[in-house]
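Architecture at a glance
Chain by chain, the residues run as shown.
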Amino acid sequence: MDAAKVPKLAASAWRRVLTVAFALLVLGVLAWAYVTGLQLAADRYHVMAFGLYGVLLAAHLVTQSAFAWREHRRMRAGAGAACSYTRTVALTISAYQEDPAYLRQCLESVRALHYPPDKLRVILVIDGNSPDDRYMLDMFAEVFAGEDVGTYVWEGNYHHPAVAKMAEGRSLSAGETPSAYTTTAGGEGLNTMETKMAEGRGPVGMEAPLAYTSMVEGEGPVATETPRGYTKMAEGRDRITMETPFTYSSKVEDERPVTTEMATGSTKMVDGVGRIAVETAYTETGPGTPSAYTKVEMRAGPVATERPSACAKMAAGGGPVTMEMPSADVEELGGGPPAAYAEVEMEDPGRLVVEELVHTRRCVCIMQRWGGKREVMYTAFRALGDAVDYVQVCDSDTKLDPAATVELVKVLESNERYGAVGGDVRILNVSDSFISFMSSLRYWMAFNIERACQSYFDCVSCISGPLGLYRNNLLQQFLESWYNQKFLGTHCTFGDDRHLTNRMLSIGYATKYTARSRCYSETPAGFLRWLTQQTRWTKSYFREWLYNALWWHRHHPWMAYEAVVAGAFPFSVTATLLRLFYGGSLWDVLWVLLCVQLVAVLKALYAASLRGHPVMLLMSVYAVLYMGGLLPAKYLAMATMNQSAWGTSGRRRMVGNYLPLLPLGIWGLLLLGGLLYTAAAEARSDWSGEAKQAEKAYLVVGAGVYIAYWALMAGLYWVWVRRARQGKPAPGFSPGSDR
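Residues numbered from 1 in each chain as written. Predicted model: local features only at pLDDT ≥ 70, side-chain atom pairs only at ≥ 80, totals over all residues. Heavy atoms only, no water.

A closer look at the overall build of the chain
Along its length, the chain carries 17 helices and 25 strands. Here the chain, with 739 residues, has 52% of them falling under the buried criterion. A separation threshold of at least 6 residues defines the contact pool for the chain, and within that pool the share at least 24 residues apart is 72%. By element, 59% of the accessible surface of the chain is carried by carbon and sulfur atoms, the whole surface being about 32700 Å². (Helix = DSSP H or I, 4+ residues; strand = E, 2+ residues; numbered from the N terminus. Buried < 20%, exposed > 50% of the residue type's maximum accessible area, 1.4 Å probe, protein only. Contact = heavy atoms within 4.5 Å. Areas by Shrake-Rupley, 256 points an atom, 1.4 Å probe, with all protein chains shown as cover.)

See the structure below:
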């Protein structure tokens, strides 16, 4: 071991020990306070009491709110900072069966961004390449007309290359490409995994399960057998073997030349007298443009080939056949005489087209084989390489504020330690339903209090998918490990934004939040779809909690402290509700409900003050959604963490997933059973004692307060709905009106 590294390793180990000890201390104190139920204040009969655990949670909320307020002060102080407008940015958009209205809003908002066009690239990647998905590509071309647009339909993706199938004697149509295979035959039918070609004296059969071919020349058929990704050619007296990853095949008979012309677009094969030709065209280019096409001739004498994306050396008959393609290494097999064959790693032509478009066009739209959101994001990131300074992420249902990109760039420019920054995500469809309205309030709290507090300590736990900016040189370092993330042996496809953030934190860089960058995103309006979304997010939260814990020692202790408190909270709430509902006292049930709403009201009052809008008072209602819906869904999420899917369905085709309702039903039965048990126990109790008489008074007053609270909240919501239906701006939801 290098002696110079010993002090650094020792310091890192010591920080780990201290961090773990601190986290265990926080957890131990919370557990002790909860289990002992230590009361700090109580009335004469101990009917109403305040315990240490409640005080600790209240102190946490006050501390969190205070640091969030300080972070907002920092944001306002830095509002006058200038942007250099020298950094190049690639704005990547992920789309899957998007509602056309939302997609158009998204694209038009991107076009209206206040960032120099020569410094901003736009890349839309669509998860799906069927005709039903074509409307998104067409809309992109329409919105960005005149903006140096490039579009491409890729039959594969980076991890599932397309299969190329060709038949002799037929030209492909203009819409067909080598990455989109066709099933045709010279005289015989084919299935989707076979290609057959007839030439000369006998048939040539190709059965290529992964889009490669092996050909043996002679009187009989030509079989297929090749490993993926290599080309091998060897010619003896009666044999040529070709192993390729899905490009084309050539066969020499007697001394007639075989000529192949190949580029990166659509493909056609013709059989002339003495030759088979494969021609492709993605762009019209002339001879002398090595990136446009390749010619290969196989004769009895030497033949030269030039192509930039591969290289090979082969022997054919009496002289060498040389292929010179400068972007890959040449491996000479054997020594002395010319090699019998060479191995060539062949690129997916679709991939080459995608990367060329991304590097040469300003606005690019790619339709690719379905693979989930992480696959879509990977395509944009991988195709970009090191072409830009920053990468911005965005969803196809998101409308960006014109200053969104500028404000994000300003944050990363301000400090080299900042690896990523997220913006303020608001709800686009606020007035669609009660669920979407409550989501809008919850979003504001999550971003402007919780993440603002995390930002104060430079450790934001999640840069949200609709609006985030990353340093590209850092992102490229962990791109492969991010994509290949596994949990319990299953490849992870959801939680992509949270894991991206965790990867950035894992290498020691800070993550930030700024309320000055803003966007508006769609949220589920129906309860079932909302619950499905929340269950998926909870899965990624608990999974990423475990990964995040590995890097607590590299950041401020607040990161470990908040993770412990937030992670333990659902379990303590569950235990409290079950204990009190089955405790045999109606007052205990009412008291816990009153306490929950009291805490929610205090948080809502602070939020209303910070935001400057009374509508935030309705945020206190969210506590019921949490206890009745999200809390039981968390247990389903933990039980199914290793199950991966896109999550919510596309906006065009809503698919019902009723599994999240199961834990709600079980939870409801548990609480109802506890309530009935307690009611029965109270009915058998003697209410003549002094303590019971005091409890009765508390019940009457508490019930009155609880009913009055809900009447007030219903009235406020009715006012809000009425204003929304009349087309008036609802309090707190006019863009740009917040402090």
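Now that the structure is up, let's keep going.
Focus on helix H14 (residues 586-611)
If you check H14, its first and last C-alpha atoms are 37 Å apart, about what 26 residues at 1.5 Å a residue would give, namely 38 Å. Gly612, located one to two residues past H14, shows a positive phi value of around 85°. (Expected span 1.5 Å × (residues − 1).)

Notes on the nonpolar core
One finds Ile93, Phe381, Leu400, Trp482 and Leu577 to be the most contacted residues of the largest nonpolar core, which totals 143 residues. For this core, the element with the most residues is helix H8 (residues 434-456), which contributes 13 residues. Beyond its immediate sequence surroundings of up to four residues, Ile93 is in contact with Cys106, Leu107, Val110, Val122, Ile123, Leu124, Val125, Cys394, Asp395 and Ser396. With 7 residues, the next largest nonpolar core counts Trp587, Leu590, Trp591 and Leu699 among its residues. (Core = buried A, V, L, I, M, F, W, Y, C linked by side-chain atoms within 4.5 Å.)

Some thoughts on the pairing of strand E5 (residues 149-153)
Where a strand is regular, its side chains alternate between the two sheet faces. Burial along E5 is one-sided: Gly150 and Tyr152 are buried, and none of Val149, Thr151 and Val153, which face the opposite way, are. In the sheet, E5 pairs with strand E18 (residues 363-368) via 5 bridges, with the strands oriented parallel. If you follow Tyr152 over to E18, its bridge partner there is Ile366. (Pairing = 2+ DSSP bridges.)

Observations regarding a positive patch on the surface
Together, Lys5, Lys8, Arg15, Arg16 and Arg554 line one region of the surface with positive charge. On the secondary structure map, Arg16 appears in helix H1 (residues 6-36). For Arg16, a relative accessible area of 37% translates into the label partly exposed. (Patch = residues over 30% accessible without salt bridge, like charges linked within 9 Å, V, L, I, M, F, W, Y side chains within 5 Å. Salt bridge = Lys/Arg side-chain N within 4 Å of Asp/Glu carboxyl O. Lys, Arg positive; Asp, Glu negative; His and termini not counted. Charge placed at Lys NZ, Arg CZ, Asp CG, Glu CD.)

So, the state of the cysteines
In total, this model carries 0 disulfides according to the counting rule given. A disulfide-free cysteine, Cys394 has its sulfur positioned 4.2 Å from the sulfur of Cys106, the nearest such atom. (Disulfide = S-S within 2.5 Å.)

Comments concerning the pattern of salt bridges
Within the structure shown, the criterion is met by 24 salt bridges. With a closest N to O distance of 4.0 Å, Glu108 and Arg104 form a salt bridge. Here Arg104 and Glu108 lie together in helix H3 (residues 100-111), a separation of 4 residues that amounts to about one turn. Classification of Arg104 by relative accessible area gives partly exposed; the value is 27%. Its salt-bridge partner being Glu682, residue Lys692 comes within 2.8 Å of it at the nearest N-O pair. With Lys692 in helix H17 (residues 690-725) and Glu682 in helix H16 (residues 661-683), the pair connects residues that are 10 residues apart, well separated along the chain.

Details of the pairing of strand E4 (residues 120-127)
Judged by how many residues are buried, E4 sits mostly within the fold: 7 of 8 residues are covered. Relative to E4, strand E3 (residues 89-95) runs parallel, the two sharing 7 bridges. Of the residues in E4, the one forming a bridge with Val89 is Leu120. Between E3 and its parallel partner E4, the chain crosses via H3, and the hand of that crossover is right-handed. Bridge count between E4 and E18: 6 bridges; the pairing is parallel. When the bridges of E18 are listed, Asp127 appears paired with Gln368. (Right-handed = clockwise from strand over helix to strand, strands pointing away.)

These values are about where atoms sit, not about what they do.
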